[in-house]
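Here's the letter readout for the chains.
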Amino acid sequence: MDAQYDVIVIGAGHAGSEAAAAAANLGSRVLLITMDMTKIAQMSCNPAMGGIAKGQIVRELDALGGYSGIVTDESMIQFRMLNRSKGPAMWSPRAQCDRMMFSRKWREKLEDIPHLDFWQDKVEELIIKNNTVYGVRTKLGVPFYGKTVVLTAGTFLNGLMHIGSRKIEGGRAGEASAKGISAQLLEQGFETGRMKTGTPARLDGRSIDFSRLQEQPGDNNPGQFSFLPLENILQEERSCYITFTDPNIHSILEKGFDESPMFNGTIDSIGPRYCPSIEDKVVTFSDKSSHQLFLEPEGLNTVECYLNGFSSSLPWEVQYESIRNLPGFENARIFRPGYAIEYDFFSPTQLQYTMETKKISNLFLAGQVNGTTGYEEAGAQGIVAGINAHQKVHDREEFILNRDQAYIGVLIDDLITKGVDEPYRMFTSRAEYRLMLRQDNADIRLTELSYKLGLAGEYRYGLLREKVGHRDHLIDFIKNYSTSPEELNPLLKQLDTSELKQKRKLVDILLRPQVDIYQLIEHVPELRKIYEHLPGRKEEIMEAVEILIKYSGYIDREKEIAGKLNRLEHVRIREDFNYEKVQSLSFEARQKLSKIRPRTIGQASRISGVSPSDISVLLIYFGR
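Residues numbered from 1 in each chain as written. Predicted model: local features only at pLDDT ≥ 70, side-chain atom pairs only at ≥ 80, totals over all residues. Heavy atoms only, no water.

### Re helix 2 (residues 54-63)
Stated formally: We call a residue buried when its accessible area falls under 20% of the maximum for its residue type, exposed when it is over 50%, and partly exposed in between, using a 1.4 Å probe and counting protein chains only. Numbering of helices and strands starts at the N terminus; helices are DSSP runs of H or I of at least 4 residues and strands are runs of E of at least 2.
Among the ten residues in helix 2, ten count as buried, and that is most of the element. Within helix 2, the full set of buried residues consists of Lys54, Gly55, Gln56, Ile57, Val58, Arg59, Glu60, Leu61, Asp62 and Ala63.

This is the structure we're talking about:
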């Protein structure tokens, strides 16, 4: 019990699981402490992974050697690629998962990792001396000592659940909250706050008339998240269903507003803008007569359903009555009502890019404790924290992803540079280089970095090199192969695009918006021969080829812009630099720069309140 660990991870949610796996797979001796080992990586909210921009993060986690993508694929019951009608920068994979299978698969993965130990208990105190963390002490009074500690407590720090006027202490339905750590870090000078999130009622699927709902099946040719060739993916598929509220339901909801902790002052913490409760929607969008809801299955072997879009903290009676007025829900039975939950978080501007805190050495924070929302955002922070905890213990170089390398880099830079005034959620619009940060090329962007780090294995790296080789060979063929009018005019006439009068390079034809690469495969025998001899997931390679050819001009322009702006990332600022002596800076800029302590001019330029003229002053001051 008095063993010295390299890394101690507090909490086994999505952030903690990725952190523990990364550090242990890199070779650190890791202890993962959780209050309930049956709920590792529990899907506390909806049973789904991915979505707009979030799907890109899951693929990035997989490319780095994380487990979120693999576990999602192995527990998936529906797959959809969102935004296919838009450009490839917007394509985002999303999977509906079997909630219980997802948690079980994660536990199996973790238990299979050498150097990773488990302890079921609640951490109540960090062992801190001279602004350095040395371990933890649990509720059972057991001390564990570690060279680094990663705190991923999710919504459990002083968690308080609300159902109407009733308050219940807890970090999740049926689970106790965690106390002690928040007060301790507050004493250490940390800036803390309260946030709110919510979840809807869970329903008995046997009591719902699905014939009155709009069915939403998965893709006809479903994909997967992991870049590895996994077997037995999506053996059995489930549909989701769509329904809508109406003015009558809104009136029923309004009857409970007097008892709603959202409106009577009981809850004054920050709630999510982009995943509001149903009562928030009714008030904020009072001009709308209906709101779309999604009924999602919780798994293959359960009748439990999740009513996405109907999260609520209203009294259970009001929730029950309003749900029963939805079309097809007239006889609905509720397994448990929805609730809101308040919890402590720490301002992420107190972190370094490695996720280590600035105030306490060797202490890393990841997940919702940093003011984020979502499994994917949590896992992203967790893997970076786990990697850097290992790197610090072994005196190795920091692992930092830039904004032009990954959505994970955008996420962490946003948190540290801008802070949060509401639960942070990733969107494609947050990434200025989103055409470079597509879901299809996450492995090409990140796997080599992870391989050099020692996290992505030789097998994964070999698959990447093989894929890139086949992709480049295909691109070379398309750029150099001359096609004839006889070969392609039947297709071009069918597509109502100008026919050829002489031989042209195949690339010129593929650049036409009416033509896709699969149509060319059907009409160009040489191209079809190459396609048929591709190994593994042919579609993945063909998609990459088509995107790189059709969007090459846009991608090159984005790379050029990124290159110019990245020059500012190489102008370093000393951590102890005194901004007060630079009187040419605005007063607000001096305040913000002194608080956040940016590492580079590039980071300084993204701080709210720091103007372009302030950046010019700094560049002149540093002789640049």
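### Some thoughts on the sheet that holds strand 4 (residues 76-82)
Under the convention used in this document: Two strands pair under a simple rule: DSSP has to find at least two bridges between them. Angular values range over 0 to 180 degrees, each being the angle between N-to-C directions of two axes fitted as lines to C-alpha atoms, with helices fitted over their stretch in contact.
Across the sheet, which stays open at both edges, the three strands sit in the order 3-5-4 with antiparallel pairing between neighbours. Two strands bound the open sheet, and with one partner strand each, they are strand 3 (48-50) and strand 4. Ignoring strand direction, the axes of neighbouring strands in this sheet form an average angle of 15 degrees. Bridging between strand 3 and strand 5 (residues 92-97) involves three bridges; their strand directions are antiparallel. Looking at strand 5, one finds that Ala48 is bridged to Gln96.

### Observations concerning the environment of Pro229
Condition: Two residues form a contact once any of their heavy atoms are found within 4.5 Å.
Mapped onto the elements of the fold, Pro229 is located in the loop between strand 14 (214-216) and strand 15 (240-244). Sequence-wise, Pro229 and Met436 are 207 residues apart; in three dimensions their C-alpha atoms are separated by 24 Å. In contact with Pro229, not counting residues within four places along its chain, are Tyr459, Leu463 and Arg537.

### Looking at the layout of surface pockets
Heads up, the rule is: Detection works on a 1 Å grid of protein atoms alone, calling trapped sets that fit a 1.4 Å probe cavities and calling open sets with protein on both sides within 12 Å along at least five of seven lines pockets, with lining residues defined by an atom within 4 Å of a point. Grid points are joined across faces, edges and corners, and a volume is the space filled by probe spheres set on the points. Here the term charged refers only to Asp, Glu, Lys and Arg, the term nonpolar to Ala, Val, Leu, Ile, Met, Phe, Trp, Tyr, Cys and Pro, and the term polar to all other amino acids, Gly among them.
There is about 750 Å³ of room inside the second largest pocket. Together, 24 residues line the second largest pocket, and Arg84, Asn221, Glu539, Glu540 and Glu543 are the ones closest to its centre. Ranked by residue count, the leading element in the lining of the second largest pocket is helix 17 (residues 538-550), at six residues. Classifying every residue of the lining of the second largest pocket gives eight nonpolar, five polar and eleven charged.

### With respect to the environment of Thr34
Rules: Within 3.5 Å is the distance limit for a polar contact, defined as a pair of N or O atoms, with the added protein rule that one can donate a hydrogen and the other accept it, and that residues adjacent in sequence qualify only through two side-chain atoms.
When you line up the elements, Thr34 lands in strand 2 (residues 30-34). Considering only alpha carbons, one finds Thr34 and Lys122, 88 residues apart in sequence, at a separation of 6.7 Å. Ignoring sequence-local partners within four residues, the contact set of Thr34 consists of Ala12, Trp119, Gln120 and Asp121. A polar atom in the side chain of Thr34 sits 3.4 Å from the backbone nitrogen of Asp36.

### A look at the packing of aromatic side chains
Short version of the rule: The pairing test for Phe, Tyr and Trp rings, Trp by its six-membered ring, is centres within 6.5 Å, and the orientation test on the planes gives stacked under 30 degrees, edge-to-face over 60, and tilted for anything in between. In this analysis the charged atom, NZ for Lys or CZ for Arg, is taken to sit over a ring once it is within 6 Å of the ring centre and within 35 degrees of the ring normal.
Here the structure, examined in full by the defined rule, presents 13 aromatic pairs. For the ring pair Trp119 and Phe144, a centre distance of 5.3 Å and an interplane angle of 65 degrees mean the geometry is edge-to-face. Here the residue Trp119 occupies a position in strand 6 (residues 116-120), and Phe144 occupies one in strand 9 (residues 143-151), the gap between them amounting to 25 residues. The partly exposed category is assigned to Trp119, whose relative accessible area is 23%. Residue class for Phe144 comes out buried when judged on its relative accessible area of 3%. Each member of the aromatic cluster is reached from another via a ring pair, and the members are Phe577, Tyr579, Tyr621 and Phe622. Above the face of the Phe227 ring, Arg59 is positioned so that its terminal group lies 4.0 Å from the ring centre. Lying across the ring of Tyr424, Arg430 places its NZ or CZ 4.2 Å from the centre.

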